[in-house]
Amino acid sequence: MEKLTRFSYFLVLCLFAWSSSYAQKKTVSGKVTELESGKPIPGVNIIVKGTMAGVATGAAGEYTIVLPDEAEVLIFSSVGYTSQEITINGRSVIDVTLEAYVQSLKETIVVGYGVQRRSEVTGSVSVVSGRELEEHPGFNALQSLRGKVSGVKISTNSGSPTGSNRVVIRGIGTINASTNPLYIVDGVALDNIETMNPNDIQSVEVLKDASATAIYGSRGANGVILVTTKRGGTEKGLRLEYNGDFSIGRLARKIDVMNAKEFMEVQRIGYENAPIFKNYAPGQEPVIDLSDRRIFDAQGNPLYDTDWQEEATRTALTHNHQLSVRSKGESGSFGAFLNYTDAEGIYLNSWTKRASVKLVYDVSLAKWLSLGTNTTITKTWANNVSETGGGFHASRAITEVPPIFPVKWPEGTWSNSTEISGFTFEGQPNPVHRLLEEDNLANGTRLFGNLFLDFKLASYLQFRSQVGINNYLSENRYYAPTDMITVGFPDGYASISNGKQTYWQNENYFTYTREFGSHRLNGVLGASWQQNLASGNAMSARGFTNDFFNFNNIGAASTQNPSTSYANDWSMNSYFSRATYTYKDRYTATFSGRMDGSSRFGKNNKYGFFPSGGVSWLVSNEDFMRNVKAIDHLRLRASFGVTGNTEIGLYRSLATIGSGTTLIGGQRVARSFAQRLPNSDLEWERTRQFDAGIELTMFNQALLLEADYYNKLTYNLILDRPIPTSTGFGSITDNIGSVSNKGIDLKLTSRNINTENFTWSTTLNFNYNKNRIESLGLNNEDIFPGPNWVAGSQTILRVGEPVSSFWGYERSGVWGSDEAEEAAKVGAIPGEAKRSTEKTIIGKGIPDVTGGLFNRFNIGRFDALIDLQVSLGADIMQQFLATAEDRQGLTNGISTQLYDAWTSDKQNTMVQRIRHTVLSGQNLQPDTRWICDGSYIRGNLFSVGYNFGQRMLATMGLSQLRVSLSLENAFVIHSKDFKGYDPESSTWHGDNFGQNIFFYEYPKARTLTFGINVRFK
Amino acid sequence: MKKYMFIITALLMVGCERFLIEEPKSEQSLDQFFQSAGEGRSFVNTLYKSGATGFYDPGGFTGSIAMMGGYISGLFDNEAKGERIEPLRAQNLSFNAQNMSEYLDRWWSSAYSAIATANTAIKYIPNIPGIPDAEKNQLLAEAKFFRAFNYFFLVKNFGGVPLVTEPYFNTEGIYVDRAQIVEVYNLIVEDLEWAVNQDNLSNNNFVTNNFRITKGAASALLADVYLQMSGYPLHAESNYAKAAAITKSIINSGSYQLIQNGALPEKSAYNVMRTSDKESEYVFSIEFDPVIYGVSSPSVSLPGSIRPPGLKYSRTYNAYRPTDQYIALYDETKDLRVQNQQLFFKSVDVRGEHFEFGEYAPYLFYDTVALYETARGGQDMRVYRYAEVLLIAAEAIAFTEGVTQEAVKYLADVRARAYWNTSRNEIESTLSGLTKDEFIKEVWKERYRELALDYRIWSDIQRTRLYPVGSAGGNINFVNVVGHTNPWGATYKEHHLLYPISDNEMQRNPKLEQNPGY
């Protein structure tokens, strides 16, 4: 209770600026010496923590500082030495020794099955601290990770609060299997971490090369993201902490959709042009009919000019609360972490909420036995706005429903685009109607539990047995009301589906660590069992007499669709090992490997072995480097290994019979059919990866560089290999084909300015990747993996080209008046698009270069961050131009239809002559007009924070208080040819090759967030 | 305690073989299947809605695959051809192995998937333990019917295709050469003759037999096959006699009747076809149902510019617009079929409002319940009607026996129904006076007029290599298709009579050779 009072007291105080007075001046004096030599150090900066007050030591290393009232801690820092914080505790003399800086050899990082000294890790591992993730306010841990690790491309492809992210590490190295990395949370494998509370994360380690990932064997090929969550208290006593974010988001950019006047002008010209496209008997030419008084006034002017982008979006309010309690006692520690988030999307009625509780308990049961456990319960609720490709979703209607319709008619009913006489528009519900009245509720409950026992068998030998369970229950409830055309019309549609997934794993392993003189040996040996059981059911119906029941009484509907259910499982049994040997703290060699057995593979190939080896040389520890003062740390490393990918569909190696129903004699009757051509030799996709890296720290840590070159070849590609369709099957799942990814990861940090009151550091994360398909199938057959929305597959897989190559025609212009004869040969007339006769590769959806540039500042008690993200070299296929520009008259579209359209006076254009689809048909094909440069620079995050000083904190009884303000997605610089919302996107979320193909995606918000972090004493 | 640790840890490291065995739960493995007659039947049931039977639904802007021949002939147009380019490519004959590859892939993969299903059924059904002979043979006959139906579609449109008669369980032997055209026909004939001659298919008509394959359906398909074999490219005219024999057996079975006109114009036979799925004229239909298995035909029955009040479809387009050249094949004064609101319509009244289209659209698919009430079509697509059986009979009899009374009667049956104000005697006497050649041409003309929306245009052009050129009064002049220029200005070359083999399929199967001319 007292804490709460203090808290409210502090809130009031926050509103005031405050000044400190210096009544009685206390002083502290002392001497600063070097730890190793005992020599005095001159020029050491000493400041009172949380203030600007500071002095420096003199030639003899001596100092005296006058303390302000609130002084509690002194900070001693000097270039070339590790700085120290010392609590004053009422002392008046404080002597200090500083340690000359060498990167601590003992610093450890988390790796697969254990921790290792950073200097002994031979693989490429990037670390992101929880603090760095917290810089980015948000609902989703993956979004906070964006740009922070070179070589990890995280695409936030939707602005929806429930949108998922696509994570690709070091390029797409697969075609049919998943590109998702493996997530290991506290040692337990998880399929995704989208709904995980980002605030629970202590650190994230990204394992990128084979030396680091081979211990995860057949699941490591896409890289591994290790998430370590926060545990109980590390200091004696109780610690209470609160974090809160409050944000407002607005549509960041509007599409240039035509208004009512422009739209009617296109209609008018469309009518005027009709005789150009079709012969009409004299006097029979179509005439525009503006007589519908619901829409037009007596003069034929539209009564409404609805801006659907305005009507269907809102200022989205999001708040996020995190409360943690941590304590440490004699033999154990405890932590409780609570989270509640309520996030709104900028589309009306699009939202998600999350509540989670995590409990952590670590205890030492005996000298040789300790136990740790954590349990997380996460509950999510959401209303999902449908947005994936095709279909008349709100995200499409917002552009396409003509602006001449009102949101609601004067009598209170929702408008739709068919409610007009004299015109035919493509029937769509208006987006506001759709958003507000269509329910698509998704609830999820995740129970994630983890228990480990550590047995200390000897001083050098430890055994850990760990059991993890991830149980996920999902429920989706959907209802489309009876008045929503194309969706629920005319008699409503309801569905409910439930899914259940239970994953468990048991892993047991020995850890051996021993030093013999200059030799250090570290080893892991263990076994793993994993099993995943999934099942679900669904029901749906239409035929409701009214909208009363929604999805709550599906039995009341007259037409019941067959209910469905499924069940499947997979299992794995594995053995893994790693051995690391280091000599003289300079030379390290690591061998790791895993033997994996997976139920997914053919009976002839159940087990596979995935080995790797790596070496590292800590050059800066060599004697000859002693005198190279400029270099603090230099390490070279190289690795080679093989990993696998098992993430393919189940039962691909078996001949199975599928079942369903069909119609014969007016009734549903059972039907059965062969599912696939089986392949009992099916085995893992394998990735062979070479990595060479350098780690360099220079000028007393002013410059840090970590760079890796990698060369990855994925072979035995699990491919739906095209086979003659005369077999009755289009393809067989087979291990044929290879894809390479070669590139450079680079992380460069520069501490530009480093004074007591002002620090400025810059970090650049950069990745260059070149993707190439090396072989496919038996005869290098082209594969057309989709998406198949407009006229065939929009991408092609072809040897020599990168995956995700766009497939379409070249548009060289529009047929001119003087080319009528030539145009006629292809069935066209002047004013229609001039295209190549055959399809070709017209772009690619994956970038060459991606990166993040972070500038961090500390000015006194202020801190600031500028986070810029860059993507270069990808193209965008603006599939939506099919209906927003090429297809005219039938719906609304973008204003180029009107302003850039071909006319006999303006022939040098890419936009076809205005043509009313309903009267005159149309002419659209995927072509280069839809392609634009997809490079962009995003102002991802600008934030500024303020840390309250000790005195203020003392008054409020707090140990830390930080407030911050951040602006997310401040700007995006992109090609002017790009007509959509955001160049980082995909409407084809589930599709490996759908990246950068847009058919009206959920737009992104620009978000302003106020954050607060309070730590109670 | 501590010493037990090693034992426990050792136990935790031991593997177990069974752990990795994969046992599907919502699918059955093949060796568990084909244990009962019911399983055999459910396998055969799949065939009713797979392969070439799927080519009749006109959804998705391109129009149905069955109508592609109508587009190639240039006699039908599709309003949505700018949205999906295939009908346009067909009309202006600009299709080739590359630009139509993905579209043609769908034809092959659907047809061969059905063939594979039939092959599996044909292989395993005989071994089902305890299956009664009658049921076994009935199921086998159905499977063979559908295998033949799909091969017939392929051989007509692509020529000699790979002939696969056994199911595959691995990749052994998957690269199959193209067979000779005659070999494909031989299999088709063998399958259908077996289906017709064993005695377990029903003698009832299709509707009475609850929409399962009857002897009549198999016979009608066989008759069509014989007819096609009699013409190009095989030109095996001896098949005319077989066609005559089998159509006579259908006619003599007495199970089928032409729908007769009721009160004109609303209750004409053609309007009955539009509104009723249960008529004894239907020899084989592809069944649809608004709830269980919908069809999109209502959405292609109205031009997009026509939006009557209460229309429940968000978009309609006239995918089957007969061109003026097609309409010219009819005698507009005498022929009921070309009158407004029979097979086609060019205006309609809805809720007191009158809509003029300025063009013809397929009235046969104008399903008012779907269009104005439910937005879900359920009209069956007819594949063989008794009218066609009569026309095949008339042609085959005339060829083999001459212009007999019987041949005249069959053609007159079909024509008299349409020529509502012409006396049957007049029709018969005109026909009786014709030479064999003239009479056969009269049958062909009648086929174009009667089977306009049964998708026979291109098959007839393929087998006769003659193109119908209409002029005033429904006079039709047959000209050589090769060298003829269609209404879209494209001139046929011989190779256009077959489609190309898709480039993709050529890549997948190196043994394939392209059709000449592509």
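Please read all numbers here as calculations on a predicted model, not as lab measurements. (Residues numbered from 1 in each chain as written. Chains lettered and ligands numbered in written order. Predicted model: local features only at pLDDT ≥ 70, side-chain atom pairs only at ≥ 80, totals over all residues.)

Observations concerning the overall build of chain B
Argument step 1. Helices and strands together make up the secondary structure of chain B, namely 18 helices and nine strands.
Argument step 2. For 518 residues, the compact-globule estimate of 2.2 N^0.38 gives 24 Å, and the C-alpha radius of gyration of chain B, at 26 Å, lies within 12% of that figure.
Argument step 3. A principal-axis box enclosing the C-alpha atoms of chain B has dimensions of 110 × 55 × 45 Å.
Argument step 4. Considering only intrachain contacts with a sequence separation of at least 6, the fraction spanning at least 24 residues in chain B is 66%. (Helix = DSSP H or I, 4+ residues; strand = E, 2+ residues; numbered from the N terminus. Rg over C-alpha atoms; globule rule 2.2 N^0.38 Å. Contact = placed C-beta atoms within 7 Å.)

Regarding the overall build of chain A
Argument step 1. Of the regular secondary structure elements, chain A holds 13 helices and 50 strands.
Argument step 2. At 32 Å, chain A has a C-alpha radius of gyration in line with the 31 Å of a compact globule built from 1017 residues.
Argument step 3. Here chain A holds 1017 residues, and the buried ones make up 49% of them.
Argument step 4. Considering only intrachain contacts with a sequence separation of at least 6, the fraction spanning at least 24 residues in chain A is 70%. (Buried ≥ 20, exposed ≤ 12 C-beta atoms within 10 Å, placed from the backbone.)

As for the sheet that holds strand β31 (residues 656-664) of chain A
Argument step 1. With antiparallel pairing, the three strands of this open sheet are ordered in space as β32(A)-β31(A)-β1(B). Only two strands of the sheet have a single partner each, and these edge strands are β32 (667-674) of chain A together with β1 (28-29) of chain B.
Argument step 2. Across two bridges, β31 of chain A lies against β1 of chain B in antiparallel orientation. Note that in β1 of chain B the partner of Ile657 of chain A across the bridge is Gln28 of chain B. (Pairing = 2+ DSSP bridges.)

Overview of the sheet that holds strand β16 (residues 224-229) of chain A
Residues and elements named next belong to chain A.
Argument step 1. Spatially, β10-β15-β16-β13-β14 is the arrangement adopted by the five strands of the open sheet, whose pairing is mixed. This sheet does not close on itself; its edge strands, each paired only once, are β10 (125-129) and β14 (188-190). Averaged over all pairs of adjacent strands, the angle between strand axes in this sheet comes to 25°, irrespective of strand direction.
Argument step 2. Pairing of β10 with strand β15 (residues 201-207) involves five bridges; the strand directions are antiparallel. Its bridge partner lying in β15, Val128 is registered against Val204. (Axes fitted to C-alpha atoms, helices over the stretch in contact; angles between N-to-C directions.)

As for the nonpolar core
Argument step 1. Membership of the largest hydrophobic core comes to 161 residues, with the highest contact counts inside it found for Phe145, Ala218 and Leu221 of chain B.
Argument step 2. The element best represented in this core is helix α6 (residues 133-158) of chain B, accounting for 14 residues.
Argument step 3. Beyond its immediate sequence surroundings of up to four residues, Phe145 of chain B is in contact with Leu192, Ala195, Ile213, Ala217, Ala218 and Leu221 of chain B.
Argument step 4. If you look at the next biggest cluster of nonpolar residues, it comprises 116 residues, including Val125, Tyr183, Met264 and Met877 of chain A. (Core = buried A, V, L, I, M, F, W, Y, C linked by C-beta atoms within 7 Å.)

Considering the interface of chain B and chain A
Argument step 1. The interface of chain B with chain A comprises 78 residues on the first partner and 75 residues on the second.
Argument step 2. Put simply, the parts of the chain that give the side of chain B that touches chain A at least two residues each are α1 (2-12), β1, α2 (37-47), α5 (101-124) and α18 (503-508) of chain B.
Argument step 3. With 10 residues, α5 of chain B is the single largest residue contributor to the side of chain B that touches chain A.
Argument step 4. When the residues that make up the side of chain B that touches chain A are grouped by side-chain class, the tally is 31 nonpolar, 27 polar and 20 charged. (Nonpolar A, V, L, I, M, F, W, Y, C, P; charged D, E, K, R; others polar.)

Structural notes on helix α8 (residues 215-230) of chain B
Argument step 1. Relative to the 22 Å expected for 16 residues at 1.5 Å per residue, α8 of chain B spans 22 Å between its end C-alpha atoms, a close match to the ideal helical length.
Argument step 2. Among the 16 residues in α8 of chain B, 16 count as buried, and that is most of the element. (Expected span 1.5 Å × (residues − 1).)

Re the environment of Tyr581 of chain A
Residues and elements named next belong to chain A.
Argument step 1. Locating Tyr581 in the fold gives a position in strand β27 (residues 564-583).
Argument step 2. Given 15 C-beta atoms within 10 Å, Tyr581 falls into the partly exposed group.
Argument step 3. With 511 residues separating them in the primary sequence, Tyr581 and Glu70 have C-alpha atoms 50 Å apart.

Regarding the packing of α8 of chain B against helix α13 (residues 386-401) of chain B
Residue and element names in this part refer to chain B.
Argument step 1. Running from N to C, α8 and α13 cross one another at 40°; their axes reach a closest spacing of 10 Å. Taken together, the axes of α8 and α13 are oblique relative to one another. Once α8 is placed against α13, the crossing between them reads as left-handed. Residues Ala220, Ala223, Asp224 and Leu227 of α8 pack against Val389, Ile392, Glu395 and Ala396 of α13.
Argument step 2. Its residues assigned to classes, the contact of α8 with α13 comprises six nonpolar, no polar and two charged. (Parallel < 35°, antiparallel > 145°, perpendicular 65-115°, else oblique. Left-handed = near helix turned anticlockwise from the far one by under 90°.)

Focus on the packing of α13 of chain B against helix α14 (residues 405-418) of chain B
Residues and elements named next belong to chain B.
Argument step 1. Between α13 and α14, whose axes approach to 8 Å, the crossing angle comes to 150°. With respect to each other, α13 and α14 are oriented roughly antiparallel. The hand of the α13/α14 crossing is left-handed. Residues Ala387, Leu390, Leu391, Ala393, Ala394, Ile397 and Ala398 of α13 form the contact with α14, whose participating residues are Glu406, Ala407, Tyr410, Leu411, Asp413 and Val414.
Argument step 2. Along the lines of polarity and charge, the residues of the contact of α13 with α14 split into 11 nonpolar, no polar and two charged.

What about unusual backbone geometry?
Argument step 1. For the peptide bond that leads from Phe489 of chain A to Pro490 of chain A, omega is 0°, which places it in the cis range.
Argument step 2. Positionally, Pro490 of chain A belongs in the loop between β23 (461-480) and β24 (493-516).
Argument step 3. The omega torsion across Tyr232 of chain B and Pro233 of chain B is -5°, close enough to zero to call that bond cis.
Argument step 4. Relative to the elements of secondary structure, Pro233 of chain B occurs in the loop between α8 and α9 (239-253).
Argument step 5. Look at Ser804 of chain A: it is not a glycine, yet its phi comes out positive at around 65°.
Argument step 6. Within the fold, Ser804 of chain A resides in the loop between β39 (795-796) and β40 (805-808).

Focus on the pairing of strand β3 (residues 282-286) of chain B
Walk down a regular strand and you will see the side chains alternate between the two sheet faces.
All names here are of chain B.
Argument step 1. Burial analysis of β3 places five of its five residues in the buried class, the great majority of the element.
Argument step 2. Strand direction decides the pairing type here: β3 and strand β7 (residues 381-385), joined by four bridges, are antiparallel. Bridge pairing in β7 links Phe284 to Tyr384.

As for the environment of Pro58 of chain B
Residue and element names in this part refer to chain B.
Argument step 1. As for its position among the elements, Pro58 is in the loop between α2 and α3 (68-72).
Argument step 2. Sequence separation between Pro58 and Ile427 is 369 residues, and the spatial gap between their C-alpha atoms is 35 Å.
Argument step 3. Pro58 has contacts with Gly63, Ser64, Met67, Ser296, Ser297, Val300 and Ala319, leaving out every residue within four places of it along the chain.

Describing the confidence of the model for chain B
Argument step 1. For chain B, the average pLDDT comes to 93, and 97% of its residues sit at 70 or higher.
Argument step 2. The complex model carries a pTM of 0.83, and its ipTM stands at 0.92. (pLDDT = per-residue confidence, 0-100.)

Quick word on the pairing of strand β17 (residues 237-251) of chain A
Residue and element names in this part refer to chain A.
Argument step 1. Both β17 and strand β18 (residues 316-328) contribute to a ladder of 13 bridges, which runs antiparallel. Each bridged residue has a counterpart across the sheet, and for Arg239 the counterpart in β18 is Arg326.
Argument step 2. Across 12 bridges, the pairing between β17 and strand β50 (residues 1005-1016) is antiparallel. Residue Gly249 lies in a different strand from β50, and its bridge partner there is Thr1007.

Concerning the environment of Thr315 of chain A
Residues and elements named next belong to chain A.
Argument step 1. Note that Thr315 resides in the loop between α6 (308-311) and β18.
Argument step 2. Sequence-wise, Thr315 and Asn780 are 465 residues apart; in three dimensions their C-alpha atoms are separated by 51 Å.
Argument step 3. Setting aside its immediate chain neighbours within four residues, Thr315 contacts Ile248 and Arg250.

Section: the confidence of the model for chain A
Caution applies to low-pLDDT regions: their predicted coordinates should not be interpreted in detail.
Argument step 1. Across chain A, the average pLDDT comes to 88, with 96% of residues at 70 or higher.
Argument step 2. Ignoring residues within four places in sequence, the model shows residues 1-23 of chain A, a span with pLDDT below 50, making 16 contacts including any to other chains.

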